[in-house]
Amino acid sequence: MSNITETRQGADYDAIVVGAGIAGLYQLYRLREMGLKVLALDAASAVGGTWYWNRYPGARVDSQSYVYQYWFSDELLEEWDWSERFPSQPETERYLNYVADKFDLRKDIQFNTTVTSAHWDAERSRWLIETDQGDAFTATYFASCAGMLSAPVIPFTDHETFKGQIAHTARWPREGIDLRGKRVGVIGTGATGIQVIQTIAAQVGELKVFQRTPQYAVPMRNEAYDDAARNAWRAQYPRLRESVQHTFVGFDFDLMTESYLDLSPQERLAALEKLWADGSLSFWVGGFAELLDNETVNAEISEFTRAKIRARIKDPVLAEKLVPKSFGFGTARVPLESGYYDVYNRDNVELVDVSETPIAGFTENGLLVGEQEYPLDVVILATGFDAGTGALSRMDIHGRDGRSLTELWSKDIRSTLGLQVHGFPNLFTVAGPLAPSTAFCNMATCLQQQVDWVTDCIAYLREQGRNSIEPSSEKEAWWVQHHDETANETLLMTTNSWYTGANIEGKPRRLLSYIGGVGKYREFCDEAKTSHYEGYIVA
Ligand code: NA7
């Protein structure tokens, strides 16, 4: 598993892929299978993407392993054994390494390399791509598979003041951090913070959790798989491979067709308990559709969830601090938890409510909240990401007539099907904004579907002897309008979270993820292909 980093300096490629995570590895594989000369670039020193970077304690997938995997190789499906229903980061990273080895992908990946700029050369119909290693590549197609949650948000500029150690969860050192017996502070209680907190509470000396907004977390029912369980799932792979493509969020479950409002109070409760017992995201996106667009239903389901949280916390005053009240259940990303709430019953754990008095910053010895200093040895920043647009905006991409993607998205986040942007020929934005793959999807499903679309599109251009493709401004306006109409019918726009860009100051507000359903999105994508890219400028 050696990761050779030899830079290629100035070579010309058919395609440059950015990223060697789930999407990037598959994109590299597919384009190479088509006979293209492809190079993938990754800032990391090895494959894995999200599962390379997010190696904090307790990092775990919250999609079931039997649907969070590649479908393209029967041999791979036969060979790989998942050990759990919800695999840990190390297992997922091992899987991606296994895939990279099995399909000999590493030889076409340049690691430790960050794209610093990409400019479209209209005369030559090629991208000129520069990196921090001094490379200047050219490529006909530029496929970003850089991830939708890969640009970390690192708050506070005064890190130098602090004598202890600071680590963002998505930049966790490979050698780990010894937290045993230490005074540890965690900032952030999103899906990541929850996984960290529940994992380290029993190891550390003291744990201070700095919480600005509590979340509604649903208990994860994880289970170990033995051969019998694995074989039972394996027998279902042919069905799952097909069914995940058409459900609301790319899992094997789908929204219920039954109406919540048609049920009696007893029936509602029974239905919610049944969904809750599944211990997965199905309580959220495999339950009642009205949860997402009907305020009354949302209020009832939110209250059901609040009661579940309260029941876990011994101190009723503390319980109220951990119960979300400022937004409805499911209008922001729902985290799964394993023992998270119970942590607050421990003597060594303190919740520091920073909703009213914010964290002022670091001191030499810890963190300052108002007048109070919290002495700490380690501060863990579980403070999230500049989602959807962050990775691409940080790449300095310039399309036709020198237009800047960073500038465009700083005013208005636009794309066509989340896959291309008007004015940026031959740029493909897998996991870009305004598609379900901006995290309203089981990522493995959506990323593979998008990579397949990009691959088919490139195949079409080559078959037709065409040089470039980009959506027309009308096509883009159509998609943005449909996206917005769909988003505005839901309750998600009313909640401040990274889903709407609200976690980044000044970020234009728009639901980053398309929420019309994975099945419907796929139909739009298929239609672009079968219509021979009607509404696109094919030159
Ligand atoms: P999230 O969900 O964006 O959570 C970030 C957390 O950090 C959230 O609780 C924030 O509070 C908190 N935060 C950020 N900056 C600060 C400051 N300055 N002070 C206090 N608290 C702060 O990121 P995650 O990494 O947990 O999850 C991202 C996705 O990864 C997740 O949704 C899954 O899809 C996988 P806030 O809520 O803004 O008040």
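To keep things clear, this report deals only with the structure shown in the data block. For every chain, the first residue of the written sequence is number 1, and numbering continues from 1 along that sequence. Under the rules for a predicted model, residues below a pLDDT of 70 receive no local features and side-chain atom pairs below 80 are neither given nor counted, while totals for whole chains, interfaces and linings still include all residues. For the side-chain quantities, the full set of heavy atoms in the structure was used; hydrogens and water were omitted.

**Brief notes about the sheet that holds strand E7 (residues 165-168)**
Note the cut-off: DSSP-based pairing: two strands are paired if at least 2 bridges between them are found. Strands are runs of DSSP state E lasting at least two residues, helices are runs of H or I lasting at least four, and both sets are numbered from the N terminus onward. To obtain each axis, a line is fitted to C-alpha atoms, and for helices this fit is confined to the stretch in contact; angles are then taken between N-to-C directions over 0 to 180 degrees. The contact criterion used throughout is that any non-hydrogen atoms of two residues lie within 4.5 Å.
If you trace the 5 strands from one edge of the open sheet to the other, you get E7-E16-E8-E9-E12, paired in parallel fashion. Pairing within the sheet leaves two strands with one partner each, and these edge strands are E7 and strand E12 (349-353). The mean angle between the axes of side-by-side strands here comes to 20°, regardless of whether they run parallel or antiparallel. Summarising the sheet, strand E9 (residues 206-211) and E12 pair through 5 bridges and their orientation is parallel. Pairing of Gln211 across the sheet is with Asp353, part of E12. Across the sheet, helix H5 (residues 191-200) touches strand E8 (183-187), E9 and strand E16 (378-381), and the angle it forms with E8 is around 160°.

**So, empty space enclosed by the protein**
So the rule is basically this: Only protein atoms enter the 1 Å grid used here. Points where a 1.4 Å probe fits but cannot escape make up a cavity, open sets with protein on both sides within 12 Å along at least five of seven lines make up a pocket, and a residue lines them when an atom lies within 4 Å of a point. Grid points are joined across faces, edges and corners, and a volume is the space filled by probe spheres set on the points. Residue type decides the class: Asp, Glu, Lys and Arg count as charged, Ala, Val, Leu, Ile, Met, Phe, Trp, Tyr, Cys and Pro as nonpolar, and the leftover types, Gly among them, as polar.
A full pass over the atoms with the stated rule returns 4 cavities of 30 Å³ or more. By volume, the largest cavity is sized at about 50 Å³. Lining the largest cavity are Ser65, Tyr66, Trp80, Trp82, Tyr225, Arg230, Trp233, Arg234 and Tyr237. Per-class residue counts for the lining of the largest cavity are 6 nonpolar, 1 polar and 2 charged.

**Notes on the nonpolar core**
The condition is simple: Take the buried Ala, Val, Leu, Ile, Met, Phe, Trp, Tyr and Cys residues and link them wherever side-chain atoms come within 4.5 Å; each set so joined is a nonpolar core. Three labels apply to residues, based on accessible area from a 1.4 Å probe with only protein chains included: buried if under 20% of the type maximum, exposed if over 50%, partly exposed otherwise in between.
The biggest cluster of nonpolar side chains holds 132 residues, and the ones touching the most others in it are Ile129, Phe142, Trp284, Ile397, Phe440 and Trp453. Counting residues per element, this core draws most heavily on helix H13 (residues 443-463), at 10 residues. Not counting the four nearest positions on each side in its chain, Ile129 is found in contact with Ile16, Leu41, Val115, Ser117, Ala118, Asp135, Ala136, Phe137, Ala139 and Phe142. Counting 32 residues, the second-largest nonpolar core is a separate cluster that includes Val204, Tyr344, Val378 and Ile380.

**Quick word on the packing of H13 against helix H15 (residues 518-530)**
Rules: Roughly parallel here means an angle under 35 degrees, roughly antiparallel means over 145, roughly perpendicular means 65 to 115, and every remaining angle is called oblique.
Relative to each other, H13 and H15 sit at 5°, their axes nearing to 11 Å. Taken together, H13 and H15 sit at an angle that is classed as roughly parallel. Touching Thr445, Cys446, Gln449, Gln450, Trp453 and Asp456 of H13 are Val518, Tyr521, Arg522, Cys525, Ala528 and Lys529, all from H15. Considering only residue class, the contact of H13 with H15 consists of 6 nonpolar, 3 polar and 3 charged.

**A few points about the site of the ligand**
Rules: Any residue with a heavy atom positioned within 4 Å of a molecule or strand is treated as near that molecule or strand. Polar contact is the term for a pair of N or O atoms within 3.5 Å; when the atoms are in protein, one must be able to donate a hydrogen and the other to accept it, and sequence-neighboring residues count only if both atoms are side-chain atoms. Only the protein chains shown count as covering a residue, and every accessible area follows the Shrake-Rupley method with a 1.4 Å probe.
In the vicinity of the ligand there are 18 residues, among which Thr189, Thr192, Arg212, Thr213 and Trp498 approach most closely. At a separation of 2.6 Å, an oxygen atom of the ligand approaches a polar side-chain atom of Thr192. In this structure, Arg212 approaches the ligand through a side-chain N or O atom, which is 2.9 Å from an oxygen atom. In the complex, the protein chains occlude 82% of the 770 Å² of accessible area that the ligand would expose alone.

**Quick notes on unusual backbone geometry**
With a phi angle near 50°, Ser125 is a residue other than glycine that sits in the positive phi range. The residue Ser125 is located in the loop between strand E4 (115-121) and strand E5 (126-131) in this model. Positive phi, close to 55°, is recorded for Asp401, a residue that is not glycine.

**Side note on the packing of aromatic side chains**
Put simply, the test is: Two rings from Phe, Tyr or Trp (for Trp, the six-membered ring) form a pair when their centres sit within 6.5 Å of each other. Planes less than 30 degrees apart are called stacked, planes more than 60 degrees apart edge-to-face, and all others tilted. Should the NZ of a Lys or the CZ of an Arg lie within 6 Å of a ring centre and within 35 degrees of the ring normal, that charge is described as sitting over the ring.
Overall, the coordinates contain 45 aromatic pairs when judged by the stated rule. Pairing Phe72 with Phe103 gives two aromatic rings, centres 5.0 Å apart and planes at 55°, and the pair type is tilted. One end of the pair, Phe72, is in the loop between helix H2 (50-53) and helix H3 (74-79); the other, Phe103, is in the loop between helix H4 (89-102) and strand E3 (109-110), and 31 residues separate them in sequence. Residue Phe72 is classed as partly exposed on the basis of its relative accessible area, which comes to 22%. Considering the side-chain rings of Trp479 and Phe524, the 5.4 Å spacing of their centres and the 75° angle between planes classify their relative orientation as edge-to-face. Of this pair, Trp479 sits in helix H14 (residues 473-488) while Phe524 is found in helix H15, placing the two residues 45 residues apart along the sequence. Take Trp479 and Phe524: they sit in the same class, and that class is buried. One aromatic cluster is present, formed by Tyr26, Tyr29, Tyr70, Phe72, Trp80, Trp82, Tyr95, Tyr98 and Phe103 through successive ring pairs. The side chain of Lys102 reaches across the aromatic face of Phe103, ending 5.7 Å from its centre.

**Things to note about H5**
The buried fraction of H5 amounts to 8 of the 10 residues, a majority that puts the element mostly inside the structure. Turning to H5, its buried residues number three or more, namely Thr192, Gly193, Ile194, Gln195, Val196, Ile197, Gln198 and Ile200. Against E8, E9, strand E11 (336-337) and E16 lie the buried residues of H5.

**Examining the sheet that holds strand E15 (residues 372-375)**
Taken together, the 3 strands give an open sheet; going across it, the order is E13-E14-E15, and neighbouring strands pair in antiparallel fashion. Each having just a single partner strand, strand E13 (359-362) and E15 make up the two edges of the open sheet. Neighbour-to-neighbour, the strand axes of this sheet turn through a mean angle of 25°, independent of strand direction. Bridge count for strand E14 (residues 366-369) against E15 is 4 bridges, and the pairing is antiparallel.

Structural measurements only, silent on function.
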